[in-house]
Amino acid sequence: MAMENTPLRIKIKPYRSSYTYKSIGTPPLSSLPSPISTFFREHGKNHILIFSFIIFYTILIILGLGIWIVIYGQNVDVSISDAKCELPELPNLFRDNSMRVDIERGPGIGHVVYSERTNTQYINVTGCPNQSTFLYHYKSMDLSWAIWDQEKDGLFVLNETYVLLQCMDKSNASMIRKEIKKADAEFNEKLKRNSKHASPLVDDVVLILLEAESREKFKQEFPRLMNFFRNIESNTNGSHKWFSMERYNVLGRNSAPNKPYIYSGQSYWNLEARQNGNWIWDIFEEQGFITAHSDGSCGGFLGPSDWSTSDISYWYIQEKYRNGNKRLLPGNHHFPVDSICDNYILSKKGQVGNSKFENSCVFKNRLSKSVLMQGFVFGLSPYCIGQKTLAQHSLDWIENFLSEYSGKRRFITSTFFDTNIEGIINSGLENDLLNLIEKMIAKEKSLLSKNSAIIIYSDHGLHYGNEYRTFEGYLHHKQPIMMMLLPNQLLETYPDFESSLDMNKDTLSTHSDFHQTLLHLAYGNVDDMNHDKYNKYVDYFLGSFSENTKLDTRLVKTDAEIYGQSFFTPMSKQRTCDSLNIPGELCPCLDFSTLDYEDIEQKELIDKAMIKGTNYMNKFLKDNHLDFVCNLFHYDTSDNRRVDDNHNSISFSSGFFNKNLAPEYEMYHVTVKVKNFDSLLTIRTSKNELLWSLVDEISNLEVYQDSVSELEWSICRSKLRNELGNSLDKEIEEVAKHFCFCLK
């Protein structure tokens, strides 16, 4: 149900997109022909003859190696010297005309009143002007609304988990949600843990994921937060310090391949291959933490399979359901997404007369909601639930959770999609986020203990739109935010942690390192361990956990354990993309150049890439009998331009290539414009794939969809299903939706 209008990778051929680069070496001496050794034994004293022999065989070896490379070179990997990983300065992506998002937060129309005597929650509605009657909607009521007169019938009883309210004059819409109650949690406070277990390093951990936010863009977009971080010691009376990992890098292009590394330690293809992950909620719960999680999106409304692959709940559910677990969602508490989905459906249907529920949210500066929606997970769905944005509801939920479980160990993970948009400075989100962080660690009676950690991070930078198609935006995408607010209590107890963090901040790191750091926070305090032996230390507490746990949680060998390392341990300065399992096309250490269509050689490669891409897409549509609905593609070259109602005419827009590699291995990223419809496609390939005839089978070629609208695909899908019915294969549909454009 959750829409995805962010770019999703389409694999043209099933292959691992992670390139590995290995040096081409000469054959070992032991592989040389045996007559060589015989010659040296017979003519060992004839130096002139020996010298001539060496020259002859050297030339022969060089010629043989050259022939070997010509014949097999297209399958040979080449080396990348990325040990230093010198990153260029990331420029400011914001322009003077960037839009500033600020949303006026109204007083709401009611608040919860709790009766301890009857254990009942009531709603006192005070916000409807000059009237006591209002409309209300429960999830159990389908799309209908009912009327309540508070003056006549008394306070409204909150029977379900949430209710949507609307004044009779169609103003001041609001959502009222039950407070988090300890009795609602599945957490077992009498959990018996093995006494041999290492104890946690901190009391509380709060993770805040800002979708599609690069590190440098965050610094530019949230100046007040950055000022708070840079002066955190004075703002928190010395309780916390701020650390920013300045070379933190992605492992995938969008959310689906990146989030599993963070939360499970496994790649998504390992999870798809039925390998279990080391889920961080399970680990912290086993250590006595009460946990909570929010994907920040509408998922699970119709069932467990309703989550998007960009939500980590999707991957967690797949494993838990497969293994027969009773609980299918991450965290003891989960943000009530049913209210988000319900609001979306009601708004889409235009309930309550001609009014839409989300219109109660007031955007300042006359901001167009349609502009703000382009990066949100619902596409054109409501950004607000009542007078609060979804982000404000989520932050309030975090605050309520921390308040309800005060004095307990707490672990919470949350996601915000407000940053998944280009050219927007979200001051509304900054105000609310800063307000919560201050409540957590900068107040006299803070929500968190003095020994708590707050981590603000992202899974990737922005990967679509005009921003991403620039070279600067391409660099931003690789480097997401990774900032930590860590307690001085921890750093004073383990002073080597701070020295490691200071040293590692300019060292190449990934989501695998982040996952290992979270495990370190959960199982790092081992009394009888020599903390100077850092690398062995990480392996020690991982092994200790696996041996001692008595629950259904089992640590397995994950990608994070193979490639990752805790931020609290000193990392090698010689880390490379290859050693960290960073795909070649996402390596920040490589040198990229912009493609020039005026250059004859580059024009030829661009044209070949585009023709191969269009040929593949057309062949896919024809082979699967989708071309009666989905338009075929035609590539407009400078000498072959055509606009046809039966074709999607596409033309070269922009591109760049990697010039670190040997010419035949260069990777090309070509973005094209689909003229008939406002959408873009990106084709990624390498030069050695373009050197052969265009009629050859396409191998390592990928097509990305950058911005096809959900509305367009809904129309095409409806036409396809009307014609094909149940014969429309789901896997084919998953591919087709990214480049199926149909006549309306």
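Residues numbered from 1 in each chain as written. Predicted model: local features only at pLDDT ≥ 70, side-chain atom pairs only at ≥ 80, totals over all residues. Heavy atoms only, no water.

Looking at an unreviewed UniProt entry, one finds the chain named Alkaline-phosphatase-like protein, with Gigaspora rosea as its source organism.

K.L.:
Explain unusual backbone geometry to me, please; I cannot follow it from the model alone.
P.N.:
Leave glycine aside and you will find that most residues have negative phi; peptide bonds, for their part, are mostly trans. With a phi angle near 55 degrees, Ala212 is a residue other than glycine that sits in the positive phi range. Its identity is not glycine, yet Asn581 carries a phi of approximately 65 degrees, on the positive side. Along the chain, Asn581 falls in the loop between helix H21 (559-563) and strand S24 (592-594). Judged by its relative accessible area of 14%, Asn581 falls in the buried class. (Helix = DSSP H or I, 4+ residues; strand = E, 2+ residues; numbered from the N terminus. Buried < 20%, exposed > 50% of the residue type's maximum accessible area, 1.4 Å probe, protein only.)

K.L.:
Explain the environment of Cys742 here, please?
P.N.:
By the secondary structure assignment, Cys742 is in the segment after helix H24 (730-736). Assessed through its relative accessible area of 0%, Cys742 is described here as buried. It is 8.9 Å that separates the C-alpha atoms of Cys742 and Lys719, two residues lying 23 residues apart in sequence.

K.L.:
Is there a simple way to explain the side chain of Arg575 in this structure?
P.N.:
Looking at the secondary structure, you find Arg575 in the loop between H21 and S24. Residue classification places Arg575 among the buried residues on the basis of a relative accessible area of 8%. Within polar-contact distance, the side chain of Arg575 engages the side chain of Asp513 at 2.9 Å. (Polar contact = N/O pair within 3.5 Å; in protein donor to acceptor, adjacent residues only side chain to side chain.)

K.L.:
Looking at this model, I keep getting lost on the sheet that holds strand S5 (residues 120-125). Mind explaining?
P.N.:
What holds strands together in a sheet is hydrogen bonding between their backbones, with the strands either parallel or antiparallel. Judged by pairing direction, the sheet is antiparallel, and its three strands sit side by side in the order S4-S5-S8 without closing on themselves. Each edge of the sheet is formed by a strand with only one pairing partner; in this case those strands are strand S4 (110-115) and strand S8 (156-157). Strand direction decides the pairing type here: S5 and S8, joined by two bridges, are antiparallel. Note on S8: the bridge partner recorded for Tyr122 is Val157. (Pairing = 2+ DSSP bridges.)

K.L.:
I would appreciate a short explanation of the packing of helix H7 (residues 255-264) against helix H19 (residues 511-523) in the present structure.
P.N.:
If you want to describe how two helices pack, look at the angle between their axes and the distance between the axes. Close contact between H7 and H19 brings their axes to 7 Å; oriented N to C, the two are set at 25 degrees. Of the possible angle classes, the one that applies to H7 and H19 is roughly parallel. Between H7 and H19 lies a crossing whose hand is right-handed. Contacts between H7 and H19 involve Asn258, Tyr261, Ile262, Tyr263 and Ser264 from the first element and His511, Ser512, Phe514, His515 and Leu518 from the second. (Axes fitted to C-alpha atoms, helices over the stretch in contact; angles between N-to-C directions. Parallel < 35°, antiparallel > 145°, perpendicular 65-115°, else oblique. Left-handed = near helix turned anticlockwise from the far one by under 90°. Contact = heavy atoms within 4.5 Å.)

K.L.:
What is the right way to look at the pairing of strand S21 (residues 452-457) in this model?
P.N.:
Consecutive side chains of a regular strand alternate in pointing toward one face of the sheet and then the other. Burial analysis of S21 places six of its six residues in the buried class, the great majority of the element. Along S21, one buried face is formed by Ser452, Ile454 and Ile456 and the opposite face, lined by Ala453, Ile455 and Tyr457, is buried too. Of the pairings in the sheet, the one linking strand S11 (residues 204-210) to S21 comprises six bridges and is parallel in character. Its bridge partner lying in S21, Leu207 is registered against Ile455.

K.L.:
Just to check I follow, could you spell out the sheet that holds strand S14 (residues 290-293) for this structure?
P.N.:
Taking strand neighbours across the sheet as the criterion, the seven strands line up as S12-S22-S21-S11-S19-S14-S15 in an open arrangement whose pairing is mixed. Only two strands of the sheet have a single neighbouring strand rather than two, namely strand S12 (240-244) and strand S15 (333-334). Both S12 and strand S22 (residues 482-487) contribute to a ladder of five bridges, which runs antiparallel. Paired with Ser244 across the two strands is Met483, which belongs to S22. Running at roughly 30 degrees to S12, helix H18 (residues 495-504) makes contact with S12 and S22 of the sheet.

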